Amino acid sequence: MKSVRQIIRENSIKPIKRLGQCFLVDFSVMKKIIEIADIKRNETVLEIGSGLGLMTELAAEKAAYVYAVEIDKKLTSLLNENLSNYGNVVVVQENILNYKLSLAAHESSKEKIKVIGNIPYNISSPILFHILESKENVSAAVIMMQKEVADRLCAVPGTKAYGIPSVLFGLYTSISREITVSPSSFYPEPEVMSAVVKILINNKPLFPVKDETLFSRIVRTSFAQRRKTLLNNLKCADWHGYDLKKIQNLLGDLGISEKRRAEELSIQDFAKISNAFKIQ
Ligand code: SAH
């Protein structure tokens, strides 16, 4: 099998920074990601940013189907060429943020899909939320990301890293940090440490939430300015008839002090607040 550097040289590929192109060169890390994803014969895998397609190949050997979503036209033609032996790979030239993950789920089988990828770090947050928004169609995701982003996903209340992703992912998923990967495993080398995270999407949220959109809006508003108190953040938004006094009463009734900051509240606290709002 050719090395990544060889493929890059032979095809005169110049990694594009804007597209977050840091290719994995360490084959053992690719294998590890596939191992962590625990792909079953009947499963469909969607890979985000397939790049040169080496990990795609490993996935294709395990899965029923692999959807390789890659934005770069030069790379998708290379992928089509290099993966032509695999009848179960579909190369999709598309921005992942505009690609409905449910498409991969419906076209192949009724099973939920698994998502894998060494994703472009500059858009890792939007990609992660894109996966979360498709939680009905996804069973798990194994993603390489910047270490700090992994820290935020796994953070607990009262820590600096705790924020919107910790709460929103915490409600719907079980997250484990699998491995830490140093810059030398990539070409070109990123300036940051990386981590592979496994995100298992649960069938039920950790706490019942009546209105998921409202829950998400309350979490986002509460963290809008981290140094402000919960009340001062909440009062900045329009809650359809909930004026300052009503929000104060609502928090008081729940026994949650309005002077606390969002970073001190648990996922359950946010669920309680959101369930207490009566908004049509
Ligand atoms: N998985 C490969 C490449 C990782 S680099 C490897 O590990 O070697 C990130 C990849 O994501 C690049 O190939 C880049 O072209 C692609 N990419 C960047 N933005 C994207 C987007 N919005 N949608 C899909 N792919 C994207």
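Please read these numbers as outputs of a predicted model, since none were measured by experiment. (Residues numbered from 1 in each chain as written. Predicted model: local features only at pLDDT ≥ 70, side-chain atom pairs only at ≥ 80, totals over all residues. Heavy atoms only, no water.)

1. Some thoughts on the site of the ligand
Part 1 of the argument: Around the ligand, the surrounding shell holds 20 residues, and the nearest of these are Q21, G49, E70, N95 and N118.
Part 2 of the argument: Between the ligand and the protein, one listed contact pairs a nitrogen atom with a side-chain N or O atom of N95 at 2.8 Å.
Part 3 of the argument: A distance of 2.9 Å separates a nitrogen atom of the ligand from a polar backbone atom of I96.
Part 4 of the argument: Considering the ligand on its own, with 570 Å² of exposed area, one finds that the protein chains cover 96% of that surface.
Part 5 of the argument: Residues belonging to the shell around the ligand are distributed by class as follows: nine nonpolar, seven polar and four charged. (Near = heavy atom within 4 Å. Polar contact = N/O pair within 3.5 Å; in protein donor to acceptor, adjacent residues only side chain to side chain. Areas by Shrake-Rupley, 256 points an atom, 1.4 Å probe, with all protein chains shown as cover. Nonpolar A, V, L, I, M, F, W, Y, C, P; charged D, E, K, R; others polar.)

2. As for the sheet that holds strand 4 (residues 89–93)
Part 1 of the argument: One open sheet holds the seven strands; their spatial order is 4-3-2-5-6-9-7, and the pairing between them is mixed. Two strands lie at the open edges of the sheet, namely strand 4 and strand 7 (173–181), each paired on one side alone. The sheet shows a mean angle of 15° between the axes of neighbouring strands, direction not considered.
Part 2 of the argument: Strand direction decides the pairing type here: strand 3 (residues 65–70) and strand 4, joined by five bridges, are parallel. By the bridge assignment for strand 4, Y67 is matched with V90. (Pairing = 2+ DSSP bridges. Helix = DSSP H or I, 4+ residues; strand = E, 2+ residues; numbered from the N terminus. Axes fitted to C-alpha atoms, helices over the stretch in contact; angles between N-to-C directions.)

3. What about helix 8 (residues 164–172)?
Part 1 of the argument: Counting buried positions over the nine residues of helix 8 gives eight, a clear majority of the element.
Part 2 of the argument: Taken together, the buried positions of helix 8 are occupied by P165, S166, V167, L168, F169, G170, L171 and Y172.
Part 3 of the argument: Here the buried face of helix 8 lies against helix 6 (124–133), helix 7 (147–154), strand 7, strand 9 (194–201), helix 9 (212–222) and helix 12 (267–276). (Buried < 20%, exposed > 50% of the residue type's maximum accessible area, 1.4 Å probe, protein only. Contact = heavy atoms within 4.5 Å.)

4. What to know about helix 4 (residues 73–82)
Part 1 of the argument: Considered for burial, the residues of helix 4 that qualify are L75, T76, L78 and L79. Projection of helix 4 onto a plane perpendicular to its axis shows the buried side chains occupying an angular sector of 160°, all on one side. Seen from the open side of helix 4, the exposed residues pointing more than 90 degrees away from its buried face are K73 and E81.
Part 2 of the argument: In this structure, the buried side of helix 4 is in contact with helix 1 (4–10), strand 1 (23–24), helix 3 (54–62), strand 3 and strand 4.
Part 3 of the argument: Between a side-chain oxygen at the N-terminus of helix 4 and the backbone nitrogen of K74 the separation is 3.0 Å; the capping residue is D72. (Arc of directions from axis to C-beta.)

5. Remarks on the pattern of salt bridges
Part 1 of the argument: Scanning the model with the defined rule gives eight salt bridges in all.
Part 2 of the argument: Three or more residues joined by partner-sharing salt bridges are found here, namely K147, D151 and R177. (Salt bridge = Lys/Arg side-chain N within 4 Å of Asp/Glu carboxyl O.)

6. With respect to the packing of aromatic side chains
Part 1 of the argument: Counted under the stated rule, the structure contains five aromatic pairs.
Part 2 of the argument: Between Y162 and F223, the aromatic rings sit 6.0 Å apart at their centres with planes inclined by 70°, giving edge-to-face as the arrangement. Of the two residues, Y162 is situated in the loop between helix 7 and helix 8 and F223 in the loop between helix 9 and helix 10 (230–234); the sequence distance between them amounts to 61 residues.
Part 3 of the argument: The class of Y162 is buried, set by a relative accessible area of 1%.
Part 4 of the argument: Accessibility expressed as a relative area gives 6% for F223, which makes it buried. (Phe/Tyr/Trp six-rings, centres within 6.5 Å; stacked < 30°, edge-to-face > 60°.)

7. Quick notes on the nonpolar core
Within soluble globular proteins, side chains that are nonpolar tend to cluster in buried spots.
Part 1 of the argument: Of all hydrophobic cores here, the largest spans 58 residues; its most connected members are L46, V115, F215 and F270.
Part 2 of the argument: Two domains each put at least three residues into this core: domain 1 (4–201) and domain 2 (212–276).
Part 3 of the argument: Non-local contacts of L46, meaning those with residues more than four positions away in its chain, are made with Y67, V69, I96, Y99, L101, A104, I113, K114, V115 and I116.
Part 4 of the argument: In this structure, V29, V45, I116 and V142 belong to the second largest nonpolar core, which totals 36 residues. (Core = buried A, V, L, I, M, F, W, Y, C linked by side-chain atoms within 4.5 Å. Domains from an automatic or database assignment.)

8. Looking at the environment of A262
Part 1 of the argument: Assignment of secondary structure puts A262 in the loop between helix 11 (244–254) and helix 12.
Part 2 of the argument: With relative accessibility at 3%, the residue A262 sits in the buried group.
Part 3 of the argument: When the C-alpha atoms of A262 and K100 are compared, they prove to be 32 Å apart, with 162 residues separating the residues in sequence.
Part 4 of the argument: In this view, A262 contacts Y162, S222, F223 and F270; residues no more than four positions away in its chain are not counted.

9. Focus: the side chain of S50
Part 1 of the argument: Along the chain, S50 falls in the loop between strand 2 (44–48) and helix 3.
Part 2 of the argument: For S50, the residues in contact, after removing those within four places along its chain, are T56, A68, V69, E70 and L79.

10. Describing the packing of helix 9 against helix 12
The relative placement of two packed helices comes down to the angle between their axes together with the axis-to-axis distance.
Part 1 of the argument: Taken N-terminus to C-terminus, the directions of helix 9 and helix 12 make an angle of 115°; their axes are 9 Å apart at the nearest point. Crossing of helix 9 over helix 12 shows right-handed handedness. Contacts between helix 9 and helix 12 involve L214, F215, I218, V219 and S222 from the first element and I267, F270, A271, I273 and S274 from the second.
Part 2 of the argument: Of the residues that constitute the contact of helix 9 with helix 12, the class distribution is eight nonpolar, two polar and no charged. (Left-handed = near helix turned anticlockwise from the far one by under 90°.)

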